[in-house]
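Listed below are the residues making up each chain.
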Amino acid sequence: MFKVYKGNDVIVEGESPLEITGINPNTEVSEGEYQVVRVEDDRESERVDIPAFTTLPIEVTGVSVSPKTSSAEAGAEGTRQLNATVSPSNATNKSVSYSISPETNGLSVGNGGLISWSGDVPTGEYTTTVTTADGSHTDTHVLTLTEPTPEEGE
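A.B. asks: Hey, could you run me through the overall build of the protein chain in this one?
C.D. replies: Helices and strands together make up the secondary structure of the protein chain, namely 0 helices and 16 strands. For the protein chain, the C-alpha radius of gyration of 27 Å lies well beyond 15 Å, the compact-globule estimate for 154 residues. Surface accessibility of the protein chain: about 9800 Å² in total, with carbon and sulfur atoms responsible for 44%. Computed over 8 positive and 25 negative side-chain charges, the separation of the two mean positions in the protein chain equals 15 Å.

A.B. asks: Sorry if this is basic, but what is going on with the sheet that holds strand β15 (residues 124–132) here?
C.D. replies: Strand pairing in a sheet relies on backbone hydrogen bonds. The paired strands run either parallel or antiparallel. The strand order across the open sheet formed by 4 strands is β9-β16-β15-β12, and the pairing between neighbours is mixed. Only two strands of the sheet have a single neighbouring strand rather than two, namely β9 (69–73) and β12 (96–101). When strand polarity is set aside, the average angle formed by the axes of neighbouring strands in this sheet is 20°.

A.B. asks: Even after reading the chapter, I still don't get the layout of surface pockets, so can you show me in this structure?
C.D. replies: Where empty space is left becomes clear once a probe the size of a water molecule has been rolled over the atoms. Here the largest pocket is characterised by a volume of approximately 170 Å³. Lining the largest pocket are E19, I20, T21, I23, F53, T55 and L56. Of the residues assigned to the lining of the largest pocket, the class counts are 4 nonpolar, 2 polar and 1 charged.

A.B. asks: For this particular structure, what's the right way to read the sheet that holds strand β10 (residues 78–81)?
C.D. replies: Strand order in the open sheet formed by 3 strands is β10-β14-β13, with antiparallel pairing between adjacent strands. In this open sheet, the two strands that pair with only one neighbour each are β10 and β13 (107–109). The average undirected angle you get between the axes of adjacent strands in this sheet is 10°. Note that β13 and strand β14 (residues 114–117) share 3 bridges and pair antiparallel. Bridge pairing links L107 to W117 in β14.

A.B. asks: Looking at this model, I keep getting lost on the environment of L143. Mind explaining?
C.D. replies: With respect to the element layout, L143 can be found in strand β16 (residues 138–146). For the pair formed by L143 and S70, sequence separation is 73 residues and the distance between their alpha carbons is 5.0 Å. Not counting the four nearest positions on each side in its chain, L143 is found in contact with S70, S71, R80, I115, W117, G124, E125 and Y126.

A.B. asks: Would you mind showing me how to read the pattern of salt bridges here?
C.D. replies: Two side chains that carry opposite charge are able to pair once their charged atoms sit near each other. If you walk through the whole model with that rule in mind, you get 4 salt bridges. For the salt bridge of E44 with K3, the shortest nitrogen-to-oxygen distance reads 3.1 Å. Here the residue E44 occupies a position in strand β5 (residues 43–44), and K3 occupies one in strand β1 (residues 2–6), the gap between them amounting to 41 residues. K3 gets classed as buried once you look at its relative accessible area, which sits at 17%.

Calculation notes
Residues numbered from 1 in each chain as written. Predicted model: local features only at pLDDT ≥ 70, side-chain atom pairs only at ≥ 80, totals over all residues. Heavy atoms only, no water. Helix = DSSP H or I, 4+ residues; strand = E, 2+ residues; numbered from the N terminus. Rg over C-alpha atoms; globule rule 2.2 N^0.38 Å. Areas by Shrake-Rupley, 256 points an atom, 1.4 Å probe, with all protein chains shown as cover. Lys, Arg positive; Asp, Glu negative; His and termini not counted. Charge placed at Lys NZ, Arg CZ, Asp CG, Glu CD. Pairing = 2+ DSSP bridges. Axes fitted to C-alpha atoms, helices over the stretch in contact; angles between N-to-C directions. 1 Å grid on protein atoms, 1.4 Å probe; cavity = no way out; pocket = protein on both sides within 12 Å on 5 of 7 lines; lining within 4 Å. Points joined across faces, edges and corners; volume = space filled by probe spheres on them. Nonpolar A, V, L, I, M, F, W, Y, C, P; charged D, E, K, R; others polar. Contact = heavy atoms within 4.5 Å. Salt bridge = Lys/Arg side-chain N within 4 Å of Asp/Glu carboxyl O. Buried < 20%, exposed > 50% of the residue type's maximum accessible area, 1.4 Å probe, protein only.

Function-wise, these values are silent; they only describe arrangement.
The following block contains the structure:
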């Protein structure tokens, strides 16, 4: 049997492998913060420092973009701000990237989720995909550019 100590407190005991819980995710733990002993016949061996380690991160399980759809008239420049929500909210790496298709001159999406288009972008549907850096989870937004409404008297 083994025991893991932190200072004078026994954190966990039992057969190997033992799991130390209750440490924040993605945390560096220095060598010697925890020690392990072997227990035989109720006698403990000398304490041995556990080497430095980093706890596991909290992995991303999904992403949601809002709004899901938007529309505007073609022939005029415009923008739409998208917002990506990574799940779970305490995920370690919440980084996302954006891409838009089909690729069209005058149409782009920035790293912050802002879609911009010029008056030269034709009518059609343009899909923006948000992708998480951790796990490559995706969600999409569809921008529809419609024919301009004729003005009165044209």
